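# Residue-level structural notes
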Amino acid sequence: MAFMTLGSKPEAFRREGQTWVCTTGLPSDLTIEIGEISFFLHKFPMLSRSGLLKKLIAESSNEDGSNCVVQLHDIPGGAKTFKLISRFCYGVKIEVTALDVVGLRCAAEYLQMTENYGDGNLIAQTEAFLNEVFSNWSDSIKALETCEQVQTFAEDLHIVSRCIDSLAMKVCSDPNLFNWPVAGQNHTHDQVDHVSWNGISSENKPPFQGDDWWYYDVSLLSLPLYKRLILSIESKGMKSESVAASLIFYLRRFLPLMNRQSSFNDRQHATIPTTSEADQRALLEEIVELIPNKRGVTSSKHLLRLLRTAMILHASPSCRENLEKRVGSQLDQASLVDLLIPNMGYSIETLYDIDCIQRILDHFMSIYQPASVSTSPCIIEEGALIFGANTLTPMTMVANLVDGYLAEVSSDTNLSLTKFQALAVAIPDYARPLDDDIYHAIDVYLKAHPWLTDSEREQLCRLMNCQKLSLEASTHAAQNERLPLRVIVQVLFFEQLRLRTSISGWFFVSDNIGSSQNPGGNLALPHNDGTHQLDPAEGTENMRERLSDLEKECSTIRNELQKLKKTKKGWSIFPRGFGFRKRSECCNPKGSCSSDTKTESPTMNGKPDHESG
């Protein structure tokens with residue numbers, strides 16, 4: 001390690017309580033007071049290097065040559081910096097680091113230590129050293145941190161702006177081209193990377209790892225300096241994703257609530273426990289304003305965690321509204337666990353903040369729902385959508401998310417029917433390929449709210465489309481005592497209708513097989529080589545077994561309906577003739593079967609009852 005030597009004495013000062021005394025052996029004729037510290041010095045070494053001290057000594061000197069007292073209470077850096085300056089004036093070697101140079105540069109300017117008062121004076125020396133500091137990443141960070149101690153002077157001398165420009169340039173450049181610190185290295189003040197006056201450094205720095213190498217170092221800065229640095233980095237073309245990630249990293253260090261759902265064993269994620277709630281709130285509001293307002297730049301997980309933290313800290317309404325809109329614009333990327341935000345209101349009605357999710361969902365729908373969309377254009381088969389898959393992907397994902405959210409919050413007995421319905425109807429019918437999830441949510445709500453009236457239960461069940469229940473869900477619904485009888489009948493009817501469609505499909509296949517039979521009595525089905533032939537007796541037998549199974553299923557449904565009819569004789573709109581008529585069991589020699597499958601469906605004004613009910 002090299003030092004700049006300006007003299008031969010190893011130590012020219014000693015401390016005695018609140019005073020520093022020069023040990024040259026000559027009686028002191030100059031006393032400089034800085035706060036409670038006094039320096040007993042000599043006039044000539046000091047005035048020969050400082051224009052200000054030369055002026056003050058001339059004004060304060062007495063004709064009798066007695067001790068001169070000068071007060072420098074407002075010198076940048078205080079007594080600690082002036083001790084280094086005194087040694088410099090006496091020609092004692094001093095060690096300057098990135099933590100000292102800013103204070104020394106500002107104090108030298110304050111004391112007017114220009115080249116007019118000796119070659120190689122302190123202003124020129126510290127200015128040259130600052131250029132060395134700006135070429136090194138870690139030293140630039142340390143120097144920028146110390147600028148706060150002498151903020152006004154550092155701003156006037158453009159040290160802050162020069163340091164920020166240097167750091168921003170390094171962040172936006174290829175780090176492998178420079179000798180900068182490795183990612184993940186913690187640069188503490190008690191392990192200082194000393195830089196010599198001529199820029200010689202003995203430290204060997206390892207290569208970089210990852211694009212987030214600069215997150216931790218810049219998080220050491222105070223909010224005003226960090227904010228200026230981030231804006232400078234963004235203006236130089238840094239990717240919005242990296243800027244947003246750095247902002248989230250910064251918040252994690254100072255807001256413990258941001259880490260509540262995660263465990264961070266890495267010391268880089270340690271939070272600052274002494275920050276007051278008011279400071280945390282101000283920090284959150286400012287950082288939220290800095291996050292790039294672009295879809296996908298910040299994950300929905302982080303945005304929802306920010307929103308939850310903003311609620312706990314009682315951030316401003318504009319801050320919370322900003323976060324809600326950001327989440328709403330990318331709600332399809334969220335996960336269910338992050339949507340479960342506890343209710344932070346003063347009058348807590350529900351366990352979770354339903355109103356917040358409603359606002360987020362409304363914002364999403366305002367962006368993604370087409371201007372004019374009709375209801376489901378036709379009966380939709382399982383897993384089939386009429387509209388384009390690419391258009392419906394975000395909407396379908398949100399539909400599944402909302403249905404899952406409703407199932408989670410439905411067990412809350414304080415959740416009103418109105419709020420449940422408002423969330424459910426916000427999702428258009430076409431966005432749900434199947435209604436199994438919304439049926440599950442309705443079932444959970446009915447179980448948690450057994451006091452609902454019959455009309456309220458029917459009103460709740462109108463939220464689902466019985467035509468879009470899977471076989472498993474339909475089976476469960478048909479035996480669900482919590483559902484109104486009207487809904488159970490609708491579920492059974494549409495299951496029967498589905499069976500009829502399936503049976504008709506088998507009849508169609510059977511007719512095609514019969515008509516395509518060859519004259520020789522052998523059925524030749526198309527195949528790769530055209531040589532594979534199927535025995536018509538075997539095909540007929542398989543068809544007969546399948547048809548028998550379907551008839552048994554229809555018979556079972558018809559028996560269940562008869563039982564319901566006996567127990568509910570007073571229900572006037574129970575449909576007559578509900579089910580298959582008795583099928584004539586006859587098969588022609590070619591394997592085709594005929595049956596009368598005429599069925600009545602419960603209708604009202606020409607529409608299925610579930611639509612008009």
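For the structure itself, look to the data block above.
The paragraphs below set out a description of the structure included in this document. (Residues numbered from 1 in each chain as written. Predicted model: local features only at pLDDT ≥ 70, side-chain atom pairs only at ≥ 80, totals over all residues. Heavy atoms only, no water.)

Our next topic: the overall build of the protein chain. Secondary structure summary: the protein chain contains 24 helices and 9 strands in total. Counting over 613 residues, the protein chain shows a buried share of 47%. The long-range share in the protein chain, meaning contacts at least 24 apart out of those at least 6 apart in sequence, stands at 72%. For the protein chain, the accessible surface area stands at approximately 30,700 Å², while carbon and sulfur atoms represent 50% of it. (Helix = DSSP H or I, 4+ residues; strand = E, 2+ residues; numbered from the N terminus. Buried < 20%, exposed > 50% of the residue type's maximum accessible area, 1.4 Å probe, protein only. Contact = heavy atoms within 4.5 Å. Areas by Shrake-Rupley, 256 points an atom, 1.4 Å probe, with all protein chains shown as cover.)

All chains considered together, the criterion is met by 9 aromatic pairs. Ring centres of Trp137 and Trp213 lie 4.8 Å apart, and the angle between their planes is 70°; this geometry places the pair in the edge-to-face category. Of this pair, Trp137 sits in helix H6 (residues 137–146) while Trp213 is found in the loop between helix H8 (159–171) and helix H9 (215–218), placing the two residues 76 residues apart along the sequence. Pair check on accessibility: Trp137 and Trp213 agree, each one buried. Joined through ring pairs, the aromatic side chains of Trp214, Tyr215 and Phe249 make up one cluster. Above the plane of the ring of Phe254 lies Arg253, whose end atom (NZ or CZ) is 5.2 Å from the centre. (Phe/Tyr/Trp six-rings, centres within 6.5 Å; stacked < 30°, edge-to-face > 60°. Lys NZ or Arg CZ within 6 Å of the ring centre and 35° of its normal.)

With 13 residues, helix H19 (residues 436–448) extends 19 Å from end C-alpha to end C-alpha; this agrees with the ideal 18 Å at 1.5 Å per step. Listing the buried residues of H19 in full gives Ile438, Tyr439, Ala441, Ile442, Asp443, Val444, Tyr445, Leu446 and Ala448. (Expected span 1.5 Å × (residues − 1).)

Two elements in contact, helix H13 (residues 300–312) and helix H14 (residues 317–329), have axes separated by 9 Å at closest approach and are oriented at 155°. Judged on the interaxial angle alone, H14 and H13 are roughly antiparallel. When the axes of H13 and H14 are compared, the crossing they make is left-handed. Residue-level contacts link Leu303, Leu304, Leu306, Leu307, Ala310 and Met311 of H13 to Arg320, Leu323, Glu324, Arg326 and Val327 of H14. When the residues that make up the contact of H13 with H14 are grouped by side-chain class, the tally is 8 nonpolar, no polar and 3 charged. (Axes fitted to C-alpha atoms, helices over the stretch in contact; angles between N-to-C directions. Parallel < 35°, antiparallel > 145°, perpendicular 65-115°, else oblique. Left-handed = near helix turned anticlockwise from the far one by under 90°. Nonpolar A, V, L, I, M, F, W, Y, C, P; charged D, E, K, R; others polar.)

In this structure the tally under the stated criterion is 17 salt bridges. Here Glu127 and Arg162 are joined by a salt bridge, their closest N and O atoms 2.6 Å apart. Of this pair, Glu127 sits in helix H5 (residues 122–134) while Arg162 sits in helix H8, and the two are 35 residues apart along the sequence. Linking Asp403 and Arg432 is a salt bridge whose minimum nitrogen-to-oxygen distance equals 2.9 Å. Residue Asp403 is found in helix H17 (residues 389–409), and its partner Arg432 is found in the loop between helix H18 (417–425) and H19; the two are separated by 29 residues along the sequence. For Asp403, a relative accessible area of 2% translates into the label buried. (Salt bridge = Lys/Arg side-chain N within 4 Å of Asp/Glu carboxyl O.)

The element strand S3 (residues 30–34) is largely enclosed, with a buried count of 4 among its 5 residues. Bridge analysis of S3 against strand S4 (residues 37–41) gives 5 bridges, and the strand direction is antiparallel. Counterpart to Thr31 in the pairing with S4 is Phe40. In this antiparallel pair of consecutive strands, S3 and S4, the connection spans 2 residues, and Gly35 shows a positive phi of 65°. (Pairing = 2+ DSSP bridges.)

Across soluble globular proteins, nonpolar side chains have a tendency to be buried as a group. Ranked by internal contacts, the top residues of the largest apolar core, which has 148 residues, are Ile32, Leu72, Phe82, Val102, Leu111 and Leu331. Per-element tally for this core: the top contributor is H17, with 9 residues. Those residues in contact with Phe82 that lie beyond four places of it in its chain are Ile32, Ile34, Phe39, Leu41, Met46, Leu72, Ile75 and Leu111. (Core = buried A, V, L, I, M, F, W, Y, C linked by side-chain atoms within 4.5 Å.)

Each turn of an α-helix holds 3.6 residues, which means side chains three or four residues apart point in the same direction. With 13 residues, H5 should reach 18 Å at 1.5 Å per residue; the first-to-last C-alpha distance of 18 Å fits that figure. Residues of H5 that are buried: Leu122, Ile123, Gln125, Thr126, Phe129, Leu130, Val133 and Phe134. All buried residues of H5 fall inside an arc of 170° around its axis, so they share one side. Of the surrounding secondary structure, the elements contacted by the buried residues of H5 are helix H3 (78–89), helix H4 (101–110), H6 and H8. (Arc of directions from axis to C-beta.)

This paragraph deals with the side chain of Ser329. Along the chain, Ser329 falls in helix H14. Ser329 sits in the buried class, given a relative accessible area of 18%. Every residue in contact with Ser329, bar those within four places of it in the chain, is listed here: Arg295, His363, Ile367 and Tyr368.

Turning our eyes to something else, we now look at unusual backbone geometry. Residues other than glycine seldom take positive phi values, yet Gln112 does so here, at roughly 60°. One can find Gln112 in the loop between H4 and H5. What makes Gln112 partly exposed here is its relative accessible area of 37%. With phi around 55°, His314 is a residue other than glycine that occupies positive phi space. Of note, His314 is situated in the loop between H13 and H14.

Locating Glu115 in the fold gives a position in the loop between H4 and H5. For Glu115, a relative accessible area of 38% corresponds to the partly exposed category. Considering only alpha carbons, one finds Glu115 and Arg49, 66 residues apart in sequence, at a separation of 8.7 Å. Here Glu115 is in contact with Gly120, Asn121 and Ala124, once residues within four sequence places are set aside. Within the local environment of Glu115, its side chain forms a polar contact with the backbone nitrogen of Asn121, the two atoms lying 3.0 Å apart. (Polar contact = N/O pair within 3.5 Å; in protein donor to acceptor, adjacent residues only side chain to side chain.)

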